[in-house]
Amino acid sequence: MAGAFLMEIRRGTQSALLVIRAAAELPSAPVEVSVCVDSLEVRSGGSCDAAALPPGVRLAPSSCRGLRRLRGDGLHLRVRLRGPPPAADVVCPLRESLKSNKNYIFYCQSCGDIIVKDRKFLRVLPLPSENWSDLVEEWCCHPDPFARSTLHPQHGDCFLGDTFFLLNSGSESHVPESPVCCSEAGHHVSQSGSSLKSKENTRVICKRCKTMLGETVSSDTIKYYVTEVIIQLAEESFSPTPRSQFVQSMVVQCLLELSSAKSTFRFTIKGDNGKTYILIWLLNSDTLLVESLGSLSSHSIFTPFGDILMPSSGPVGTWNAVKVLYQPCIKCRNKDLADAWENDMGVHPLKFPSETCLELLLILGLSTASLPPSLRFMNSFQVAFLKM
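Residues numbered from 1 in each chain as written. Predicted model: local features only at pLDDT ≥ 70, side-chain atom pairs only at ≥ 80, totals over all residues. Heavy atoms only, no water.

Details of the pattern of salt bridges
Counted according to the given criterion, the structure contains 15 salt bridges. Notably, a salt bridge pairs Asp286 with Arg10, separated by 2.5 Å at the nearest N-O pair. Here Arg10 lies in strand 1 (residues 5-10) and Asp286 lies in strand 20 (residues 276-292), a separation of 276 residues in the sequence. Ionic pairing is found between Lys335 and Asp339, a salt bridge with its closest N-O pair at 3.0 Å. Placement of the pair is Lys335 and Asp339 together in helix 5 (residues 335-342), with a separation of four residues, close to one helical turn. The class of Lys335 is partly exposed, set by a relative accessible area of 46%. Exposure remark for Asp339: the relative accessible area of 34% places this residue in the partly exposed category. Several salt bridges share partner residues, and in doing so they unite Glu32, Glu41 and Arg43 into one network. (Salt bridge = Lys/Arg side-chain N within 4 Å of Asp/Glu carboxyl O. Helix = DSSP H or I, 4+ residues; strand = E, 2+ residues; numbered from the N terminus. Buried < 20%, exposed > 50% of the residue type's maximum accessible area, 1.4 Å probe, protein only.)

Notes on unusual backbone geometry
A positive phi angle, near 50°, is found at Asp118, a position not held by glycine. Tracing the backbone shows Asp118 in strand 9 (residues 114-120). A positive phi angle, near 55°, is found at Lys331, a position not held by glycine. Along the chain, Lys331 falls in the loop between strand 23 (316-328) and helix 5.

What to know about the nonpolar core
One finds Phe106, Phe165, Tyr224, Ile278, Ile280, Leu364 and Leu386 to be the most contacted residues of the largest nonpolar core, which totals 49 residues. A per-element tally of this core places helix 4 (residues 243-262) first, with eight residues. Those residues in contact with Phe106, other than ones at most four positions away along the chain, are Asp113, Ile114, Ile115, Val116, Arg119, Phe121, Phe165, Leu167, Val229, Ile230 and Ile231. (Core = buried A, V, L, I, M, F, W, Y, C linked by side-chain atoms within 4.5 Å. Contact = heavy atoms within 4.5 Å.)

Section: the sheet that holds strand 9
Read across the open sheet, the three strands follow the order 9-8-18; overall the sheet is antiparallel. In this open sheet, the two edge strands, each paired with only one partner strand, are strand 9 and strand 18 (229-233). Strand-to-strand twist across the sheet, computed as the mean angle between neighbouring axes with direction ignored, equals 20°. (Pairing = 2+ DSSP bridges. Axes fitted to C-alpha atoms, helices over the stretch in contact; angles between N-to-C directions.)

So, in structure tokens, the structure goes:
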């Protein structure tokens, strides 16, 4: 099939941007495009190729407008839908999926090793925002009542932050391949032992695959990052998730939850080393992407999400996604903008392991590279999609 296309559907407006990529392959040849209710047809050079749209996606052919041909892209046009597209799958936030008085098993997302076995929580509580203590003086007319207290979980507690959760490590039932706190040089430190003397010695790594899972906050408190651990009910069997898909889904959950709760749409992605890796601007969260690989389906290619889509995946793929603008900040890139965002109260910081920040940057870059050239940038920002 030669008629490769990309369709970006907005649920809120029930409209779509359609890019016929086949027209880019033969820039001087005449191309005839037929937009039907549930399919697309492309005729060029005596051949006719058709692609059926996914179930639930129905176009209004008479609404086609804005037809233009862009070098390197193909044909662009806008079209309305006859009705709302299929609803996006409901994403259950971590703080809603964890329930008290149920047994959970914690797995390393990278290798599937068990980290915490059969943990029952008596309380699952959300933490205030990371810099909540800075505002205490505005709340209280007397000296800070929290100056000498810390929000550390007790036995049976699970405290949930924006990108992490805190557990009490005093009575964890680790299996033999449990995570250990160790330094970059590999020197082991007891989780309940002497005081931690350096930042390296607070890293919690998986003993099997050496992936960083979190860090020790105190002698009896461990912070696990949501991008590194899979939590399932004890009676459920472990079901692995591809790394790229898992990172995207957890980052998207954080973006959507914070944008809804705090009406903030700009975020800095920071590593556990304190460095800023990415600036992200959440543009919209009601996108349905439909893509046909066309004649490219005889090869494996990267989709807008960095996953490899093989011919066995079918001629047309669909993804619920969020659209973001971003700027990389590694190697001092965009330093002035990063400094401005750092001092902007409307920007929310999100902290992940440094390795995961680089993974996310790679995922965003692959998404950008997969888009038609004219859609890769918006003003000075790069454009990408993250899978929900």
